[in-house]
Amino acid sequence: MMQWETVIGLEVHVQLATQSKIFSGASTAFGSQPNSQACAVDLGLPGVLPVLNEAAVAMAVQFGLAIDAEIPETSVFDRKNYFYPDLPKGYQTSQMYHPIVGPGEVEVALDDGSTKRVRVHHAHLEEDAGKSLHEDYHGMTGIDLNRAGTPLLEIVSEPDMRSAKEAVGYIRAIHAIVTYLGISDGNMAEGSMRCDVNVSVRPKGQEAFGTRAEIKNVNSFRFVEKAIACETQRQIELIEDGGTVIQETRLYDPEADETRSMRTKEEANDYRYFPCPDLLPVVLDRAYVDHLRSSLPELPAEKRARFESELGLSSYDAGVLSSSRPMAEYFEAVKQVCGDAKQAANWVQGELSGQLNREGIDIAESPVTAEQLGGLVKRVIDGTINGKAAKQVFIALWNDEGQTADELIDAKGLKQVTDSGAIEAMIDSVIADSPVQVAQYREAEDDKRGKMIGYFVGQVMKASRGTANPQQVNALLKEKLDQA
Amino acid sequence: MALEHEDVRRAAHLARLSLNDDEAAHYADDIRRILEMVDRLQAVDTQGVAPLAHPLDSTQRLRADEVTEGDERERFQRCAPAVEDGLYLVPRVVE
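Everything quoted here is computed from the prediction, not taken from an experiment.

Draft legend 1. How the structure looks around the UniProt feature "domain: Asn/Gln amidotransferase" (unreviewed entry) in chain A. Residues annotated by UniProt as "domain: Asn/Gln amidotransferase" (unreviewed entry) correspond here to residues 329-481 of chain A. Secondary structure within residues 329-481 of chain A divides into 75% helix and 0% strand; the distance between the first and last C-alpha atoms comes to 49 Å.

Draft legend 2. Inspection of the sheet that holds strand β4 (residues 78-81) of chain A at higher detail. Residues and elements named next belong to chain A. Taken together, 3 strands build an open sheet; the order of strands is β5-β4-β15 and the sheet is antiparallel. Where the open sheet ends on each side, the last strands, each with one partner, are β5 (91-94) and β15 (274-275). Sheet topology places β4 next to β15; 2 bridges connect them, and they run antiparallel. Residue D78 lies in a different strand from β15, and its bridge partner there is P275.

Draft legend 3. Quick look at the side chain of D160(A). All names here are of chain A. Relative to the assigned elements, D160 resides in the loop between β10 (151-157) and α3 (164-181). Only 2.7 Å separates the side chain of D160 from the side chain of R119, close enough to count as a polar contact. Not counting residues within four places of it along the chain, the set of residues in contact with D160 comprises I8, K116, V118, R119 and E166.

Draft legend 4. How the structure looks around the domain arrangement of chain A. Along its sequence, chain A is organised into domain 1 (4-289), domain 2 (298-412) and domain 3 (420-483). Using only C-alpha atoms to locate each centre, domain 2 of chain A and domain 3 of chain A end up separated by 33 Å.

Draft legend 5. Structural view of the interface of chain A and chain B. Contact with chain A, which involves 51 residues of that partner, is made by 35 residues of chain B. It is F83(A), Y137(A) and L280(A) that lose the most area in chain A upon contact with chain B, and together they represent 15% of the buried surface on that side. Summed over the shared surface of chain A and chain B, the number is 1 salt bridge. A salt bridge links D270(A) to R10(B), with the shortest nitrogen-to-oxygen separation between them at 3.0 Å. Across the contact surface, chain A and chain B share 21 residue pairs in polar contact (both at pLDDT 80 or more). Elements with a minimum of two residues in the side of chain A that touches chain B: α1 (40-43), β2 (52-53), α2 (54-66), β8 (131-137), β9 (140-144) and β16 (282-283) of chain A. With 5 residues, β9(A) is the largest single contributor of residues to the side of chain A that touches chain B. The class makeup of the residues in the side of chain A that touches chain B is 30 nonpolar, 15 polar and 6 charged.

Draft legend 6. Summary view of the state of the cysteines. Taken as a whole and judged by the stated rule, the model has 0 disulfides over all chains. In this model C230(A) remains outside any disulfide bridge; the closest cysteine sulfur is found in C195(A), 15 Å from its own.

Draft legend 7. Seen up close, the packing of helix α15 (residues 446-463) of chain A against helix α16 (residues 470-483) of chain A. Residues and elements named next belong to chain A. Contact geometry of α15 with α16 gives a least axis separation of 10 Å together with a crossing angle of 120 degrees. In terms of axis orientation, α15 runs oblique to α16. Between α15 and α16 lies a crossing whose hand is right-handed. Contact residues: R449, I453, F456, V457, V460 and M461 in α15; P470, V473, N474, L477, K478, L481 and D482 in α16. Looking at the contact of α15 with α16 residue by residue, the classes come out as 9 nonpolar, 1 polar and 3 charged.

Scoring rules and cut-offs
Residues numbered from 1 in each chain as written. Chains lettered and ligands numbered in written order. Predicted model: local features only at pLDDT ≥ 70, side-chain atom pairs only at ≥ 80, totals over all residues. Heavy atoms only, no water. UniProt positions renumbered as here; feature names shortened; annotations may be inferred. Helix = DSSP H or I, 4+ residues; strand = E, 2+ residues; numbered from the N terminus. Pairing = 2+ DSSP bridges. Polar contact = N/O pair within 3.5 Å; in protein donor to acceptor, adjacent residues only side chain to side chain. Contact = heavy atoms within 4.5 Å. Domains from an automatic or database assignment. Buried area = accessible area lost by both parts, 1.4 Å probe. Salt bridge = Lys/Arg side-chain N within 4 Å of Asp/Glu carboxyl O. Nonpolar A, V, L, I, M, F, W, Y, C, P; charged D, E, K, R; others polar. Disulfide = S-S within 2.5 Å. Axes fitted to C-alpha atoms, helices over the stretch in contact; angles between N-to-C directions. Parallel < 35°, antiparallel > 145°, perpendicular 65-115°, else oblique. Left-handed = near helix turned anticlockwise from the far one by under 90°.

Pasting the structure below:
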């Protein structure tokens, strides 16, 4: 049986979070009335001229700096010529020969806790096209040009990935970097991040690459993984059946879970790139680049490393908590208030994430603030409340029943009872009320008793409305039951 | 550089121009003469000369990221042949 190796390269298109378009002053807001944000420049009307948006340039350079890329002094815009109704000018303004970001590297975290460096070939600025709506308009196609001219950063990787998991890890890393930098909202469902995936296979150990197929427009982490898996399978089966892979563009159909041919190399577009005469070369002076460099925030890979080394978190916890900037900032605020990184990590990933997932809410919109959660965790750590009461307080904070954990602990009388006299009194009354269970317990073998004591613990906790210190209850109960 | 009839046909197709045989032959002749001029330029020794990105010896000015354009859909759509629900309608595009 032949061993195959998958080779993957990715082109990730990231919509930059500017207010206005890359070459015009029209708004980039998502979800507006069709064509209400398509101005004369975006429509490609005669006589208009593009003027480059400084924020788009700054965002591209910030990304370049974040991946340790070379930032060339000069970059040039080119025209990529093709006809399609959602591209009214007849060309897309892009950067073919002198992109704004040169070669760089992205650190990708893998499931086993290790990391892999994936090389970025370059990243360039370009404009997005409009949208074609193929629903029935009396046999015609509807065109919405609101998206036309939205700035895109296209990030082109080297073919450095060897599995679908690595590819997804790479996209997650890009997603984390652009959202940390705040240069994109990274919303894949709204198309803020889109992916073209180049896949080929080769016999393990062979140096030369196989022929690749390009899968266009894969728009979720899950679909990237599935598209690569089924395209790999298709190519291996094709070769093993004596066929050859041809260079072509394919589409992934998530419903059928298969890729389909769109066009082959022979029919491939000939874009006839040439420098755009309407735009002058973009020259970045050192001071400008240095200023952007000095304003970079702490990036996900640095944060992950610091969470592990300084805070002593596991590599898994550090990876999850650094995966997005809102998550990392929330965690760090909780840690700041409660003073314990491990407990903060447990609460953010456990109770909080669980509740956010159930309700489909993003951590940035969490009804429980980091300060509130920190205040709650602090009271667990100092023993004011036990774990069970803490969950009650958490839900109360979530439902906005009070402002702080302390206030709710008082209002609900959840302060942990650690007074052994009070606990003993409750135990005595439970023992007195449960003669049958007590007799059974005392007749049981030692190794059965551990399980049977649960009943009594439950009764005492109930009598204390959950406020008794469970460790104390356990110890005292054992003492009293084993006495006779 | 030799230029075939087929090259002209292909260039015309990419530019969505419809040419008859006479026109194609005419353009082939025109383009051939342009390319002859390019050949003469190719003969110049350009070693050590940086390629020119733009004939103007200047650099791109940048604009501040501000929304300056309002909604003028109604005005723009007055000159469109077909519109509906705010969309421009075009002959059906088959993917």
